[in-house]
Amino acid sequence: MTDLQATLDSIYADIQPRIGEGKVADYIPELAKVDPKQFGMAIVTVDGKVYRVGNADTAFSIQSISKVFMLTLALGKVGEGLWKRVGREPSGSAFNSIVQLEHESGIPRNPFINAGAIAVSDVVMAGHAPREAIGELLRFVRYLADDESITIDDKVARSETQTGYRNFALANFMRAYRNLDHPVDHVLGVYFHQCALSMSCEQLARAGLFLAARGSNPTTGHSVVSPKRARRINALMLTCGHYDGSGDFAYHVGLPGKSGVGGGIFAVAPGIASIAVWSPGLNKVGNSQLGAAALEMLAARTGWSVFGD
Ligand SMILES: NC(=O)CC[C@H](N)C(=O)O
């Protein structure tokens, strides 16, 4: 294998002059306060080695990356029955688009657009008070990363609760189509708190390592999901993980990945490593501009693209 630390250092050197590019998400007031001039990246290989660069230890709001962990929980609870509530096709529209939902009678296209993730949260809530569902997710992520210090940023959750009009619209729409079993404000309470999970690149790469390693975390020995389920979650990330930028991400990077409007991207090189990158400035479709650029460099310099080197 190439010298990964040297590869990361070379990527950092190439990114450095561009730090600050893109625009921070400002529709969530608390995220608008984040300094855009930050960049961090971490890689955890399936043999447990960790490589870091830049602000890899700074906690940030993982936002939509949390949708991967919630999907894993929901599949664990209801298995393939989940697909009655949400589809598996790329949306080709914005992460918070409403128009598609009406065409498709309240069944969201996939679990990674907002509407789909809200339906997934509703599934995880079955039999729980909202607070318990949030607690379950937090415990799950701490278990995955083997790190009890991971927290939820209540300020971010509150900020989004106060301003998340579009998400309220999506959730009300789905409730009208009977695709939500719980009251809208309860489901969104869970959804906003999951999005407000605060993690560093290293914590995120550790938490997602099971997806690079056939469903088990080789550093903790924890078996999380079956190899088949890990493969399928990766397939969904590849096709739907970047909203209407998913095709472009596959073209340039070629790795299953999930982005969030906090500026994080989590990516998987199956059988090799999990990767997390963070830089708050976003491109037009709401994905980290430098995060995607850094992953493109990584894939080119390592030959890790799932489509071949
Ligand atoms: N793309 C994202 O990260 C969106 C998540 C954000 N919490 C929202 O619901 O709008």
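Given the structure is predicted, the values throughout are model-derived calculations rather than measurements. (Residues numbered from 1 in each chain as written. Predicted model: local features only at pLDDT ≥ 70, side-chain atom pairs only at ≥ 80, totals over all residues. Heavy atoms only, no water.)

Focus on unusual backbone geometry
Negative phi characterises most residues that are not glycine, and trans characterises most peptide bonds.
Part 1 of the argument: The residue D146 is not glycine, and still its phi comes out positive at about 55 degrees.
Part 2 of the argument: Take D146: it is sitting in the loop between helix 6 (130–145) and strand 4 (151–152).
Part 3 of the argument: On the basis of relative accessible area, D146 is assigned to the exposed category, the value being 58%.
Part 4 of the argument: Located in the positive-phi region is R178, a residue other than glycine, with phi close to 60 degrees.
Part 5 of the argument: Counting through the fold element by element, R178 comes out in the loop between helix 8 (165–176) and helix 9 (184–195).
Part 6 of the argument: When its relative accessible area of 74% is taken as the criterion, R178 is described as exposed. (Helix = DSSP H or I, 4+ residues; strand = E, 2+ residues; numbered from the N terminus. Buried < 20%, exposed > 50% of the residue type's maximum accessible area, 1.4 Å probe, protein only.)

Looking at the domain arrangement of the protein
Part 1 of the argument: Per the domain assignment, the segments making up the protein are domain 1 (4–63 + 199–302) and domain 2 (64–195).
Part 2 of the argument: Averaged C-alpha coordinates put domain 1 and domain 2 at centres separated by 20 Å.
Part 3 of the argument: Counting from both sides, the interface comprises 40 residues of domain 1 and, opposite them, 40 residues of domain 2.
Part 4 of the argument: Of the roughly 3200 Å² buried between domain 1 and domain 2 on both sides combined, carbon and sulfur atoms contribute 69%.
Part 5 of the argument: The three residues of domain 1 that bury the most area against domain 2 are Q63, L236 and Y243, which together make up 20% of that side's buried surface.
Part 6 of the argument: At the junction of domain 1 with domain 2, the criterion picks out 1 salt bridge. (Domains from an automatic or database assignment. Contact = heavy atoms within 4.5 Å. Buried area = accessible area lost by both parts, 1.4 Å probe. Salt bridge = Lys/Arg side-chain N within 4 Å of Asp/Glu carboxyl O.)

Focus on the site of the ligand
Part 1 of the argument: All residues adjacent to the ligand are Y27, Q63, S64, F95, N114, E160, N167, Y191, C195, Y243, G260 and V261.
Part 2 of the argument: Contacts to the ligand include Q63, whose side-chain N or O atom sits 2.5 Å from a nitrogen atom.
Part 3 of the argument: One of the side-chain nitrogen or oxygen atoms of Y191 is found 2.7 Å away from an oxygen atom of the ligand.
Part 4 of the argument: Protein contact buries 99% of the 300 Å² of open area that the ligand shows by itself.
Part 5 of the argument: When its residues are assigned to classes, the shell around the ligand shows 6 nonpolar, 5 polar and 1 charged.
Part 6 of the argument: Looking at the shell around the ligand, you find at least three residues from each of domain 1 (4–63 + 199–302) and domain 2 (64–195). (Near = heavy atom within 4 Å. Polar contact = N/O pair within 3.5 Å; in protein donor to acceptor, adjacent residues only side chain to side chain. Areas by Shrake-Rupley, 256 points an atom, 1.4 Å probe, with all protein chains shown as cover. Nonpolar A, V, L, I, M, F, W, Y, C, P; charged D, E, K, R; others polar.)

Some words on the packing of aromatic side chains
Part 1 of the argument: As enumerated under the stated definition, the model contains 7 aromatic pairs in all.
Part 2 of the argument: Look at Y12 and F39: their rings are 5.8 Å apart centre to centre, the planes differ by 20 degrees, and that puts the pair in the stacked class. Taken together, the positions of Y12 in helix 1 (residues 4–15) and F39 in the loop between helix 2 (29–32) and strand 1 (40–45) put the pair 27 residues apart, joining distant regions of the chain.
Part 3 of the argument: Assessed through its relative accessible area of 1%, F39 is described here as buried.
Part 4 of the argument: In textbook terms, an aromatic cluster arises when at least three aromatic residues are bridged by ring pairs, as seen for Y27, F95 and Y243.
Part 5 of the argument: The ring centre of W83 lies 5.2 Å from the NZ or CZ of R88, which sits over that ring. (Phe/Tyr/Trp six-rings, centres within 6.5 Å; stacked < 30°, edge-to-face > 60°. Lys NZ or Arg CZ within 6 Å of the ring centre and 35° of its normal.)

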